[in-house]
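Listed below, chain by chain, are the residues.
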Amino acid sequence: MNRRRLGQNGPEVSAIGLGCMGMSEFYGQADESESVAVIRRALDLGIDFLDTADMYGRGHNEELVGRAIRGRRDEVVLATKFGVVRGEGEERGVDGSPAYVRQAAEASLRRLGVDHIDLYYLHRRDPQVPIEDTVGAMAELVAQGKVGRIGLSEVSADTLRRAHATHPIAALQSEYSLFTRGLETEILPAARELGVALVAYSPISRGLLGGLGTGDRLPDDDFRRYLPRFAGENGSRNEELAAEVRKIAEEAGCTPAQLSLAWLLGRGEDVIPIPGTKRLRYLEENAASVDVTLTADQLAALDAAVPPDSVKGDRYPSMALIEG
């Protein structure tokens, strides 16, 4: 497995990581024993950068990841997130207060069964709390040895700069794929200016780029049914775009998912995709993407097939918690 650095002075991690969210909820039913097997097989393959969050499964995902890495903690660069607070049903809020930073970190450490978190992200910025206050409290966790590095998720270039001035930020996690390129204008340049790694979540656009269907073809318990990009005319148009990507993948001799990951890996050594899966076969497929090299003609064909403004629909039903 190829390696990349997590920020200017951060540790080296596998060139692709493993997103664990779907092992607990959102993407239909998961088999817990297979999920644990996926995590352990990832470590066998050299994929050591694991991503979870306290809100995935309301803590279940951290507990699952903790069980899976027991006895192999020293092989893992462990990332988790805090800040999204779930109420009853689908109600969600955010809390970036210093008191909550400390409370959330202690709870995550207990669920994970570890004494430190390698990379601790603010999942979403709390607009009621200055970012300097939130990051200042996270910096205290670093000083206490409970956290190794600090990260942010889905923030603007301005917020990233303000946060970094308070304490060095190792990584910015944002959605980035062939279908989501808005951050290339301001956010990615700011991250590069500061030496912040870009951790790309949903690098296969939640399966759209891999050939996943949209609309009513998705299971009732799959949250993608309710995402604008998967619904109605948007979904149909985006499936057409994905079909063009599949044609280029066939010419390149790889799967569409591998093509999508190879495209991201080629955006720069500071870009680290974290495709999520709960299936061993998809893990193996994703891991092989590091061996795919795209030609200049193939890259040009992708740019022509999927111009940055061609994808239809927002990423979420509400973009209220997304800064940029």
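Residues numbered from 1 in each chain as written. Predicted model: local features only at pLDDT ≥ 70, side-chain atom pairs only at ≥ 80, totals over all residues. Heavy atoms only, no water.

- As annotated in an unreviewed UniProt entry, the protein carries the name Aldo/keto reductase and is attributed to Streptosporangium jomthongense.

1. Details of the environment of Leu264
Reasoning step 1: Looking at where Leu264 falls in the secondary structure, it is placed in helix 8 (residues 256–265).
Reasoning step 2: When its relative accessible area of 0% is taken as the criterion, Leu264 is described as buried.
Reasoning step 3: Ignoring anything within four residues of it in the chain, the contact list for Leu264 reads Tyr176, Ser177, Ala200, Pro203, Val271 and Pro273. (Helix = DSSP H or I, 4+ residues; strand = E, 2+ residues; numbered from the N terminus. Buried < 20%, exposed > 50% of the residue type's maximum accessible area, 1.4 Å probe, protein only. Contact = heavy atoms within 4.5 Å.)

2. So, helix 5 (residues 157–166)
Reasoning step 1: All buried positions along helix 5 are accounted for by Ala157, Thr159, Leu160 and Ala163. The arc that holds every buried residue of helix 5, seen down its axis, measures 160°, which confines them to one face.
Reasoning step 2: For helix 5, the secondary structure elements touched by its buried residues are helix 4 (131–143), strand 9 (147–153), strand 10 (171–175) and helix 6 (187–194). (Arc of directions from axis to C-beta.)

3. With respect to the pattern of salt bridges
Reasoning step 1: Per the stated rule, a full pass over the model turns up 24 salt bridges.
Reasoning step 2: The residue Glu75 makes a salt bridge to Arg72 at a minimum N-O spacing of 2.9 Å.
Reasoning step 3: Assessed through its relative accessible area of 33%, Glu75 is described here as partly exposed.
Reasoning step 4: In this structure, Arg192 and Asp270 form a salt bridge, with 2.7 Å as the shortest nitrogen-oxygen distance. (Salt bridge = Lys/Arg side-chain N within 4 Å of Asp/Glu carboxyl O.)

4. Focus: the nonpolar core
Reasoning step 1: Leu6, Leu18, Ile39, Phe49, Leu152 and Leu160 are the most contacted members of the largest nonpolar core, which totals 99 residues.
Reasoning step 2: Counting residues per element, this core draws most heavily on helix 8, which supplies seven residues.
Reasoning step 3: Ignoring sequence-local partners within four residues, the contact set of Leu160 consists of Leu152, Val155, Ile169, Leu172, Ala190, Ala191, Leu194 and Val196.
Reasoning step 4: Among the nonpolar cores identified, the runner-up in size contains five residues, and Ala53, Met55, Tyr56 and Val84 belong to it. (Core = buried A, V, L, I, M, F, W, Y, C linked by side-chain atoms within 4.5 Å.)

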